[in-house]
Amino acid sequence: MHKSDGFVNSLSGFDISVRHQAKVFALGLCFLLCGWGMYSFADGLTWQFDDWHNLKKLSEVSGYSGFLDFVYGGNAGPTGRPLSLLAFISDYENWPANPWGMVQGNLIWHLMNAMLVFLLFSILFRQVDSLRPAGLMLAVFVAGIWALLPIHASGIMIPVQRMTLVSAFFSLLTLLSYSHLRCCFAARNTGALVSILVLSLVIVLGTLLSMFSKENGALTILFIGLIEIAFFRTLALPCPKWLWRLGVALLLFAVPAYVLYLGVDSLIGGESWRYYTLSDRAATQTVIIFEYLRQILAPDGTRLGPLQDGHKVYGWSNAIVWLCLVGVFLALVVSVSAIRKGRSWLAVVCGFSGLFFLGGHVLESTVIDLELYFEHRNYMPSIGIVVFVVCLIFFGWTRFKVRIAIAVGSAVLALFSLIALFQTTTLTGNPPLAAEMWYRYHPHSVRAVQTLADSYRRMGFVPAAIRELDSFAKASHGKNGVSTQALLLACDVESVDQVRARYHEVLMNVRKVQRVDTLGMVLPRLSEKVKSGNCEGLDIADIEILLRRYLENNVRLGRAKPIRHYFYYELAAIEEQKNNTSKAIEYQILSFKDYPSISHAKVIAAHYFQQGRISDAVNWLDEAKTYFGGGYLASLGKRELESMRSALVVIGSEIDKRE
């Protein structure tokens, strides 16, 4: 490893001849154009499963209250991800008619991230003697290959997954800022206090920005710790060695320790509202890690895609789980040993790559109660694998006299990867074909069969859509909840007796439905169809019975508050239709508590006001403010409610005076 000789000029130590710069620029431009060209085949794609739930309020951001509701009203994670939601404001005109326009915005974020990856590794490779002369070229290869990985395609082409891209942007910007300042301070012998304060500020601010885009931004501190022990081990320290080591240890172990605590707590006493236990999830993730790795190194275009919720669930009795767990443990041991001993630059870089990949999965791919499999979870971790591959190829290129074989092998791998990316983008750009193929390759995915049924519906083949849903429901004995979607479609093409029979079947299966997330959009649509008189055989009383049956008998729904709020909201609408305003308000409040929003709080206050219950409206607004937490955005939301409260107080005073 190289001991820094100054970092005032961040390009010192590189081959920065005009010819070399031209090659780097040309190669980077080729990667950029190739990426944009590949993704252009996805023009024609449609919205995906999580888009509507997270972006539905984007059409209301033209007003101040609507803006606050959209930015602050997210419930995709503990933070609400306000910065990611803010990044969607520029796509106001694309919602809900132009998903491709929104994906083009995702591509811009992705290319900006690729530029940050290039800048980051142009700094890090400079710290390694053997990599310095070719550092810029290696950095552009890392950035370009990473940008074109097929495993990123599904995340980029799902509009709402801009959250992943925005979080990664702030994370990479933090890693770049830290790396640059760390080298500058070491070269200039900046005082300990200034160095520690500035670097700490960069870490804290950057990590928070990334976390308020998506929670896995917390891993930024872990990535900084890995960069420090792998690339900056010989840089001058701004404080005593023991103190610096303590700080690095905190960076490395803070997040894993917290996840371990959450895991033990969840596995002992926690319950999942999903279709698997938390223990089974932990077991399954050890296998999925290696599936991710295979899709990064040798992608299979037929297996890539966004609809993989039907992944097999493994238990601890499966031998493959223990085999994969041993593999993860060995990878950790070898990576740590390689960095600690530092016998060669390749060993250190390989150790960094292994820890970066595994560390990047500490949050989403362990025991936290999320879906089992999502390709976008590899967006940041895959950087480690790309660094490993590029440096391994460079090592072979400079050490062995088989350059032709290395070049041909690398070209074949690149072509193989590009073909997989081309397959993925072209398929996504043809929604009817994509629905067919995704369901064929993922026959146990609820989202895949729902997507296929919706595709058939849009093409006018409603009986075919119902047939697919019925077949899927029968295979799982009604546990997946798709029978409700079949009932919704049956309203258009089946007789009254058939619709009634389907309704009673759905009612009988309420208790055993495990995939309650499938009901969040289907039941409101069914309720609306019935209320508008477009479903012969059902009336509003039937929907009320179904909603209440779910709330009273389905245990998983009771744990899924973001889904349950739809049920309370629909019951409120039914009570309002029956002119039972007081009961409607009670259900509105229950819905609000499951999914708080500024507009919803104001609607409830307005209902109180319409009943002449001004004091109740004021008290409700005081209570509603307690559900918005702290922070700047929360204060803006509370200000909105406070403004309405003040107006109601004035109106109440005027009424009292007149009386």
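Because the structure is predicted, anything quoted here is derived from the model rather than measured.

(A) Region of the structure containing the overall build of the protein chain. Along its length, the protein chain carries 29 helices and zero strands. Taken over C-alpha atoms, the radius of gyration comes to 27 Å for the protein chain, in line with the 26 Å a tight globule of 659 residues would show. A principal-axis box enclosing the C-alpha atoms of the protein chain has dimensions of 85 × 65 × 50 Å. In the protein chain, which comprises 659 residues, the share counted as buried stands at 53%. Sequence separation of at least 24 residues holds for 76% of the intrachain contacts in the protein chain that already meet a minimum separation of 6. With an accessible surface of roughly 28,700 Å², the protein chain has 63% of that area assigned to carbon and sulfur atoms. Looking at the protein chain, you have 59 positive and 50 negative side-chain charges, and the mean spots of the two groups are 12 Å apart.

(B) Just the side chain of His311, in detail. Tracing the backbone through its elements, the reader meets His311 in the loop between helix H12 (278-297) and helix H13 (319-341). Judged by its relative accessible area of 14%, His311 is buried. Sequence-distant contacts of His311, that is, excluding residues within four places in its chain, are made with Thr284, Ile288, Glu291, Leu372 and Tyr373.

(C) Quick peek at helix H20 (residues 482-493). Here H20 spans 17 Å end to end across twelve residues, near enough to the 16 Å set by a 1.5 Å rise per residue. All of the buried residues in H20 are Val482, Ser483, Thr484, Gln485, Ala486, Leu487, Leu488, Leu489, Ala490 and Cys491.

(D) How the structure looks around the pattern of salt bridges. Taken as a whole and assessed by the stated rule, the structure comprises 29 salt bridges. Where Glu364 meets Lys214, a salt bridge forms, and the shortest distance between an N and an O atom there is 3.4 Å. Placement of Glu364 in the loop between helix H14 (345-359) and helix H15 (382-399) and of Lys214 in the loop between helix H9 (192-211) and helix H10 (220-231) is noted, with a sequence separation of 150 residues between them. Pair check on accessibility: Glu364 and Lys214 agree, each one buried. Its salt-bridge partner being Asp517, residue Arg447 comes within 3.9 Å of it at the nearest N-O pair. Highlighted residues: Arg447 in helix H18 (residues 446-458) and Asp517 in the loop between helix H21 (496-508) and helix H22 (519-531), separated in sequence by 70 residues. Taken together, the shared-partner salt bridges in this structure form one network comprising Arg274, Asp309, Asp369, Glu371, Arg447, Arg515 and Asp517.

(E) Representation of the packing of aromatic side chains in the model. For the structure shown, the criterion picks out 23 aromatic pairs. Here the aromatic rings of Tyr550 and Phe567 are separated by 5.6 Å at their centres, their planes lie at 65 degrees, and the arrangement is edge-to-face. Separated by 17 residues along the polypeptide, Tyr550 in helix H23 (residues 540-553) and Phe567 in helix H25 (residues 561-577) bring together distant segments of the chain. Comparing Tyr550 with Phe567, the two get one shared label, buried. The rings of Phe121, Phe125, Phe223, Phe231, Phe352 and Phe356 are connected pair by pair, giving a single aromatic cluster.

(F) Broad picture of the packing of helix H26 (residues 581-594) against helix H27 (residues 598-610). Direction vectors running N to C along H26 and H27 enclose 165 degrees, while the axes themselves pass 10 Å from each other. Compared by their axis directions, H26 and H27 come out roughly antiparallel. Read as a crossing pair, H26 and H27 show a hand that is left-handed. On the side of H26, the interface is formed by Ile585, Gln588, Ile589, Ser591 and Phe592, while H27 contributes His600, Ala601, Ile604, His607 and Tyr608. Tallied by class, residues from the contact of H26 with H27 come to six nonpolar, four polar and no charged.

(G) Representation of a nonpolar patch on the surface. Taken together, the side chains of Phe25, Leu29, Leu32 and Leu33 present a nonpolar region at the surface, about 400 Å² in accessible area. Considering the arrangement of structural elements, one finds Leu33 in helix H1 (residues 18-40). Judged by relative accessible area, which is 53%, Leu33 ranks as exposed.

Rules behind the numbers
Residues numbered from 1 in each chain as written. Predicted model: local features only at pLDDT ≥ 70, side-chain atom pairs only at ≥ 80, totals over all residues. Heavy atoms only, no water. Helix = DSSP H or I, 4+ residues; strand = E, 2+ residues; numbered from the N terminus. Rg over C-alpha atoms; globule rule 2.2 N^0.38 Å. Buried < 20%, exposed > 50% of the residue type's maximum accessible area, 1.4 Å probe, protein only. Contact = heavy atoms within 4.5 Å. Areas by Shrake-Rupley, 256 points an atom, 1.4 Å probe, with all protein chains shown as cover. Lys, Arg positive; Asp, Glu negative; His and termini not counted. Charge placed at Lys NZ, Arg CZ, Asp CG, Glu CD. Expected span 1.5 Å × (residues − 1). Salt bridge = Lys/Arg side-chain N within 4 Å of Asp/Glu carboxyl O. Phe/Tyr/Trp six-rings, centres within 6.5 Å; stacked < 30°, edge-to-face > 60°. Axes fitted to C-alpha atoms, helices over the stretch in contact; angles between N-to-C directions. Parallel < 35°, antiparallel > 145°, perpendicular 65-115°, else oblique. Left-handed = near helix turned anticlockwise from the far one by under 90°. Nonpolar A, V, L, I, M, F, W, Y, C, P; charged D, E, K, R; others polar. Patch = residues over 30% accessible without salt bridge, like charges linked within 9 Å, V, L, I, M, F, W, Y side chains within 5 Å.

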